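# Structural description and commentary
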Amino acid sequence: MPVKITVIGSINMDLVTSANRFPSKGETIMGEDFKTIPGGKGANQAIAASKLGAEVTMIGCVGEDAFAKELIENFEANGIDTTSIQKVQEQPTGIASITIAESDNHIIVVPGANHAVQPKMIEEYKDIIIKSDLLLLQHEIPLNTVAFIVDLAYKNGTDVVLNPAPAHSIPLEVLEKVKYLTPNEHELSEILDDEEKTSFYRNNREKFIVTQGGKGVEYYQDGQEQHVPGFDVDVVDTTGAGDSFNGGFSVALAQGKSLETCCYYGNAVGALSVSKLGAQTGMPTHSEVEAFLASYRSL
Ligand code: RIB
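Before going further, it helps to examine the site of the ligand. Lining the immediate surroundings of the ligand are 13 residues, of which Asp14, Gly40, Lys41, Glu140 and Asp243 lie closest. At 2.6 Å from an oxygen atom of the ligand is found a side-chain nitrogen or oxygen belonging to Asp14. At a separation of 2.9 Å, an oxygen atom of the ligand approaches a polar backbone atom of Gly40. With the chains in place, 96% of the 280 Å² that the ligand exposes on its own is no longer accessible. Taken together, the elements giving at least two residues each to the shell around the ligand come down to strand E2 (12-18) and helix H1 (41-51). Of the residues that constitute the shell around the ligand, the class distribution is three nonpolar, six polar and four charged.

Turning to the environment of Gly42, a few remarks are in order. As for its placement among the helices and strands, Gly42 is situated in helix H1. Distance from Gly42 to Ile11, taken between C-alpha atoms, is 6.2 Å for residues 31 residues apart in sequence. For Gly42, the residues in contact, after removing those within four places along its chain, are Val7, Gly9, Ser10, Met58 and Gln138.

Counting buried positions along strand E4 (residues 55-62) gives seven out of eight residues, so the element sits mostly inside the fold. Examined bridge by bridge, E4 and strand E5 (residues 85-87) share three bridges and lie parallel to one another. Of the residues in E5, the one forming a bridge with Cys61 is Gln86.

Take the nonpolar core next. With 49 residues, the main nonpolar core has Ile5, Met58, Phe75, Ile209, Phe249 and Val289 as its most contacted residues. Not counting residues up to four positions away in its chain, the partners in contact with Ile5 are Ala49, Ala54, Glu55, Val56, Thr57, Leu134, Leu136, Ser250, Val251 and Ala254.

Reading the values: rules and limits
For every chain, the first residue of the written sequence is number 1, and numbering continues from 1 onward in sequence order. Only residues with pLDDT of at least 70 get local features here, since the model is predicted, and only at 80 or more are side-chain atom pairs given and counted; chain-wide, interface and lining totals rely on the full set of residues. As a rule here, side-chain values come from all non-hydrogen atoms in the structure, and water together with hydrogens is ignored. Throughout, the term near means that a residue has one or more heavy atoms lying within 4 Å of the molecule or strand in question. We call two N or O atoms a polar contact when they sit within 3.5 Å, provided that within protein one can donate a hydrogen and the other can accept it, with sequence-adjacent residues counted only if both atoms are side-chain atoms. Computed with the Shrake-Rupley method and a 1.4 Å probe, the accessible areas treat only the protein chains shown as cover for residues. Working definition: helices are DSSP H or I runs of at least four residues, strands are E runs of at least two. Numbering for both runs from the N terminus. Amino acids are sorted into nonpolar (Ala, Val, Leu, Ile, Met, Phe, Trp, Tyr, Cys and Pro), charged (Asp, Glu, Lys and Arg) and polar (every other residue, Gly among them). In this analysis, two residues are considered to be in contact whenever any of their non-hydrogen atoms come within 4.5 Å of each other. Any residue under 20% of the maximum accessible area for its type is buried, any over 50% is exposed, and the rest in between are partly exposed; the area is computed with a 1.4 Å probe on protein chains only. Think of it this way: DSSP has to see at least two bridges between two strands before they count as a pair. As used in this record, nonpolar core signifies buried Ala, Val, Leu, Ile, Met, Phe, Trp, Tyr and Cys residues forming a set joined through side-chain atoms within 4.5 Å.

This is the structure we're talking about:
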């Protein structure tokens, strides 16, 4: 039976410009290519988990516009339950303006309808949340809603993985109630913004799965820091690599795999995702991950 994962988070259309370098402040340069590609950290993580075989429900908001139609069709094409995605009149669908250059990216997100994911709306989906094997959250919906969902899940015994991206301070009671946090090193430093939280981190290291880009992941178990190295692959676009890791990590976790396996699997999903332009384009199926791991081991 596939594991049930619910993702509550952002749904964006990514407006992706490729150029051979980033412009300086006040400068205009000519770009090389432009594409609209489905994105949003929540949506990306939902697609990653679904492609890997999980039964995924997406909870979020879009506007009443052409992007919304395309994004919902994209979820459906990827086997995701979209009945908990609401269309709001007052805001356009979220977008991310992304520039790809110099083997890196710059991203500006305009949340739009993602702002409408409020606690009142979440209450409508309480049953779905409670019946999930795992709940996957990020920081691209209002942070009061994230705190509300974490509390609801905690009270009902549903495990939460919180990917705290983009970087933002997190209240101590949220840190206490989530099962795992998956920050990168920059996000971790934003979380530990006072003595109380730093001390919480020191005493609860096993909650923190710290991603290090292509270098891999650090986690803590049995009083020891552990490192799972990343994979050496050719990079086309790193957009969504963290989302792919979170999708892979969460599917393996919901399947009851060891933390080491969850990180190893998440790393492989992340490595495969950077081989194509666009956050979701390179996301692999479970068979593709297996084939990649088999060929990588035989090198
Ligand atoms: O993590 C990558 C995502 O961040 C992009 O798809 C973009 O929409 C922003 O939300």
